[in-house]
Amino acid sequence: MQELNQIPGNDPIDEVSGHRTLGPTSTPTHPLATAPVGMPAHSVDGFVREFLHELNTNQGVALSRSSANDQYLALASTVRNYLMARWLETSRRTREAKAKTIGYLSAEYLLGRQLGNALLATDLNEIAEKGLALCGLDLVTLRNQEVEPGLGNGGLGRLAACFIDSLATMDVPCIGYGIRYEYGIFRQTFVDGRQVEETDTWLALGSPWEFPHPEASVQVDFGGHTERYVDADGEERTRWVPSWNVLGVPYNYMVPGYLNGRVNTLRLWSAQATKAFDLQIFNAGDYAQAVRAQTFAENISKVLYPEDSTPQGKELRLQQQYFFVACSLRDFIDNELEEGFDLHNLADRITYQLNDTHPVIAVPELMRLLIDVRGFSWDEAWEVTSKCFNYTCHTLLPEALEVWSTELLGRLLPRHLEIVYRINDQFLAEVDKTFPGDGLRTRRMSIISEYPERGVRMAYLATVAAGKVNGVAALHSQLLRDKVLPDFSELWPDKFTNVTNGVTPRRFVKLANPKLSDLITDAIGPGWLTNLERLKELEPYADDPEFKASFAAVKASNKQRLTALLKTRDDIDLPDGHLLDVMVKRLHEYKRQSLKLLHIVSLYEQVLSGKLPASALTPRTVVFGAKAAPGYRMAKDTIHLINKVAMKVNSAPEVEGRLKVAFPANYNVTLAEKLIPAADLSEQISLAGMEASGTGNMKFALNGALTIGTDDGANVEIRQLVGDKHFFLFGMDEPAVTELGAKGYHPGAYYESNPQLRATLDLILSGHFSDGDPHAFDSVVFNLLHQDRFMALADFQSYVDTQALVEQRYADQDAWTRSAILNVARTGYFSSDRSMRDYLQRIWHTSPML
Ligand SMILES: *Cc1c(COP(=O)(O)O)cnc(C)c1O
């Protein structure tokens, strides 16, 4: 494949063969050339006409012959048409104003369904409902046709989706850049209680939300070697001679602001073989090999890696990272900036936010573009690059910090590795100037690690290049400074800052909980959805009996909605009138689903052994939702154990009507939108110091669930805001965890000294939940008993004691409802609009367009 790159004209479309040509054929002169298309009439009649037109002309079917998928696609196109003029107008306005754009670089976007959000953003919900009814169709049924694009694993990808929603709603120019995975996060099913993964074929029936632009494809190079040469001015320069390449095809998605006429763009890249790629081989007469080469290229955007917080260091993953970043930088520089723009001023026009370390290869890539392609000197290029990037760290787990082996990086991106080495030399010289002779410190801070193999620490590279480095909750940012990057925060104290995460209230309150939204609007008037701090005005209503009754009725109705859904979706029966106790998030040891499980088994064991009459239990249904990374044994075993406990508990006459465990498969955004509004109790029980922020915790509080949680991540801020009385705190705090770790954590001691904990673990070890097989769950139980890094047993007693307080409070429904209302009223801070305001003021130094 050595010479592939030397074939000129890598255009995806062939001029000679009479196929379509690239770019405009001539300068358009018609007066309407730059004007946006018109918008369909905002009326039921106008909507129906547009819908039937789409059905006939786009789907090619008559209404009477159309399938549900046809109807969904036509409906989506119809709604899309209302956004189209605004999209073009947004793009024109932004270019004309030469406004600074946020380039959000994220390998994941967990978007959730699009149709509901588009209807909300255009205020078309009612019109669509009526219009479809005139056609004999039901809006809710059609909305349920949509397969959500699951282009992310969990919190990190969902955060990106919330942020781009907020920026559009706040009229801030932003392009979200990422990867159009052909297969998103796997679809989870259970077989005999074990997780089985199925490929997510979200594109199988076609996505009406994407706009491919093959004519704007970008070539991305890989491999090869570098050469030195002297240019025409006598300067010594470097040339990268790559050995293979692929094409990045952009797919644009609308990101509509809420009722403000702005539509930003999410641009996801799909990998395709370049013409050169297969022509070369095809000319050699090996057709089959040419087709294989095509597959090889297209593999790059084939599938989302399903590891959340545990990168595997796989070559294809590095290819993905470089692929989307290289496309994205080129896209902005070549297509968004006007001809002749002086790249020395690039930072005036774009600021790139690095969502974790996944896109950090953008730093040497921008250096390479400026130096090798644009002729900048090293210092000039660094001056620009160091002003263009900011970095968000999302973790405290050492295993989540990406390190790429220099062997792999040098093989795939030899020029970038050279640039990284030089950045490191320059950086370590600066360290040595500030701390002369401190060789240990320079070794600690080196971007290049030497053990267990030579590698590039991407978090260090990001920190060196970034203007600002932020953590995602107050506690996390503190620990980031003190424990993860202490040398860096000593060197550059002002570089570090905090921006507490947030969630979009449009999706997670208005769309997910329309009844609560109506109740809020009835009480405090409209406008709160874009100014969520106004929820504070609900505080007085916490003592208003009529409001409390309505609030409780909304919760009851959301539970009924969930009951109906779980019946049809999973054939799960949710009992009436239970405390609904919900733990939904990725399955990870640090999140401690096993601690929740021990609580359930403990309650069950006490009734079974006669220590507690069943009547003493507060009727409770625990709902889990969690996917495990397919290669993460412990996580998958935990899922298996939860399901086996559920089967036993749910069929035990001893606890009938008192305790139930439900584990609907395939937790995703669509399910979250139904589960969270129904929840009474939100489980946020990670070991203190392990959860960077959490955003699930915010969604629950905003929907009136009370939290039982550790002093971790954003739980800290939630508790401060809602008040101790309305939050169930338990467990060790972070200093206590650190102290115990230093002293030595000995889980066996808790087992020996705590009879209830012992009885609980013994019941699992007896084979009670595994058809008599005492070893079925050895991996999970032995881990808890012998080596658990996340100290579940240390927090067990505090946790079950606090659960007893939960039950006491729940017995007083009036007090519970009051606390729930205060949770809603006091958590407006957690709107992602506020997060975006913080980024704009303290990191991006830009403001909304006027
Ligand atoms: C919000 C969200 C998450 C993040 O939840 P955490 O509890 O913060 O880990 C994960 N998955 C989905 C589908 C979400 O909506």
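What you see is a predicted model; the values in this text were computed from it and never measured.

Draft legend 1. Spotlight on unusual backbone geometry. Cis geometry is found at the peptide bond from Y451 to P452, where omega equals 0°. In this fold, P452 is placed in the loop between β16 (448-449) and β17 (455-457). Residue D192 is not a glycine yet carries a positive backbone phi of 50°. Of note, D192 is situated in the loop between β5 (187-191) and β6 (194-198). In this structure, H845 takes a positive phi of about 50° despite not being glycine. Among the structural elements, H845 can be located in the segment after α33 (832-844).

Draft legend 2. Seen up close, the confidence of the model for the protein chain. Overall, the predicted model of the protein chain reaches an average pLDDT of 94, with 94% of residues at or above 70. Mean pLDDT values for the elements of the protein chain range from 62 in helix α7 (residues 275-283) up to 99 in strand β23 (residues 681-684). Here residues 1-19 is a poorly scored stretch, pLDDT under 50, and it has 33 contacts once near neighbours within four places are set aside; other chains count.

Draft legend 3. View of the site of the ligand. Surveying the vicinity of the ligand reveals 13 residues, the closest of which are K585, K591, T695, G696 and K699. At 3.0 Å from an oxygen atom of the ligand is found a main-chain nitrogen or oxygen belonging to G696. Within the complex, the protein chains bury 96% of what would otherwise be the 390 Å² of accessible surface of the ligand. Most atoms of the ligand, that is more than half of them, are within 2 Å of grid points of the largest cavity. When the residues that make up the shell around the ligand are grouped by side-chain class, the tally is four nonpolar, six polar and three charged.

Draft legend 4. Quick look at the UniProt feature "modified residue: N6-(pyridoxal phosphate)lysine" (unreviewed entry) in the protein chain. On the UniProt side, "modified residue: N6-(pyridoxal phosphate)lysine" (unreviewed entry) is annotated at positions that read K699 here. Considering the arrangement of structural elements, one finds K699 in helix α25 (residues 696-702). Residue K699 is classed as buried on the basis of its relative accessible area, which comes to 8%. Beyond its immediate stretch of four places on either side in the chain, K699 contacts R158, V503, F508 and I676.

Draft legend 5. Summary view of the nonpolar core. With 152 residues, the main nonpolar core has F222, F323, L346 and F427 as its most contacted residues. Residue contacts for F427: discarding those within four places in its chain leaves M445, I447, V464, F488, L491 and W492. Counting 106 residues, the second largest nonpolar core, distinct from the first, contains A628, F727, I764 and F769.

Draft legend 6. Molecular detail of the environment of E54. Topologically, E54 is positioned in helix α1 (residues 44-57). Sequence separation between E54 and A76 is 22 residues, and the spatial gap between their C-alpha atoms is 9.3 Å. Other than its neighbours up to four places away in sequence, E54 contacts Q59, A74, S77, T78 and N81.

Draft legend 7. How the structure looks around the sheet that holds strand β15 (residues 403-405). The antiparallel open sheet is built from three strands, whose spatial order is β15-β17-β16. Looking along the sheet, the strands with just one partner apiece sit at the ends: β15 and β16. Pairing of β16 with β17 involves two bridges; the strand directions are antiparallel. When the bridges of β17 are listed, I448 appears paired with V456.

Draft legend 8. Structural detail: the packing of aromatic side chains. Summed over all chains, the structure comprises 24 aromatic pairs. An angle of 45° between the planes, with centres 4.8 Å apart, marks the rings of F730 and Y799 as tilted. Of this pair, F730 sits in the loop between β25 (728-729) and α27 (734-743) while Y799 sits in helix α31 (residues 792-811), and the two are 69 residues apart along the sequence. Judged on exposure class, the residue F730 and its partner Y799 are both buried. One aromatic cluster in this structure is built from F222, W240, W244, F296 and Y322. Its guanidinium or amino end placed over the ring of Y229, R239 lies 4.3 Å from that ring's centre, counting from NZ or CZ. Geometry around Y829 places R834 over its ring, the cationic atom sitting 3.9 Å from the centre.

Draft legend 9. Inspection of the domain arrangement of the protein chain at higher detail. Splitting the protein chain by domain gives domain 1 (1-97 + 119-147) and domain 2 (512-836). On a C-alpha basis, the centres of domain 1 and domain 2 stand 42 Å from each other.

Draft legend 10. Representation of the pairing of β6 in the model. Pairing geometry for β5 and β6, over five bridges, is antiparallel. The partner of T189 across the bridge, within β6, is V196. Linking β5 to β6, which pair antiparallel, is a turn of two residues; within it D192 sits at a positive phi near 50°.

Draft legend 11. Seen up close, the state of the cysteines. Tallying each qualifying case throughout the model produces zero disulfides. Not part of a disulfide, C174 finds its nearest cysteine sulfur in C162, a span of 13 Å. According to the relative accessible area criterion, C174 is buried, its value standing at 5%.

Procedures and definitions
- Residues numbered from 1 in each chain as written.
- Predicted model: local features only at pLDDT ≥ 70, side-chain atom pairs only at ≥ 80, totals over all residues.
- Heavy atoms only, no water.
- Helix = DSSP H or I, 4+ residues; strand = E, 2+ residues; numbered from the N terminus.
- pLDDT = per-residue confidence, 0-100.
- Contact = heavy atoms within 4.5 Å.
- Near = heavy atom within 4 Å.
- Polar contact = N/O pair within 3.5 Å; in protein donor to acceptor, adjacent residues only side chain to side chain.
- Areas by Shrake-Rupley, 256 points an atom, 1.4 Å probe, with all protein chains shown as cover.
- 1 Å grid on protein atoms, 1.4 Å probe; cavity = no way out; pocket = protein on both sides within 12 Å on 5 of 7 lines; lining within 4 Å.
- Sits in = over half its atoms within 2 Å of the grid points.
- Nonpolar A, V, L, I, M, F, W, Y, C, P; charged D, E, K, R; others polar.
- UniProt positions renumbered as here; feature names shortened; annotations may be inferred.
- Buried < 20%, exposed > 50% of the residue type's maximum accessible area, 1.4 Å probe, protein only.
- Core = buried A, V, L, I, M, F, W, Y, C linked by side-chain atoms within 4.5 Å.
- Pairing = 2+ DSSP bridges.
- Phe/Tyr/Trp six-rings, centres within 6.5 Å; stacked < 30°, edge-to-face > 60°.
- Lys NZ or Arg CZ within 6 Å of the ring centre and 35° of its normal.
- Domains from an automatic or database assignment.
- Disulfide = S-S within 2.5 Å.

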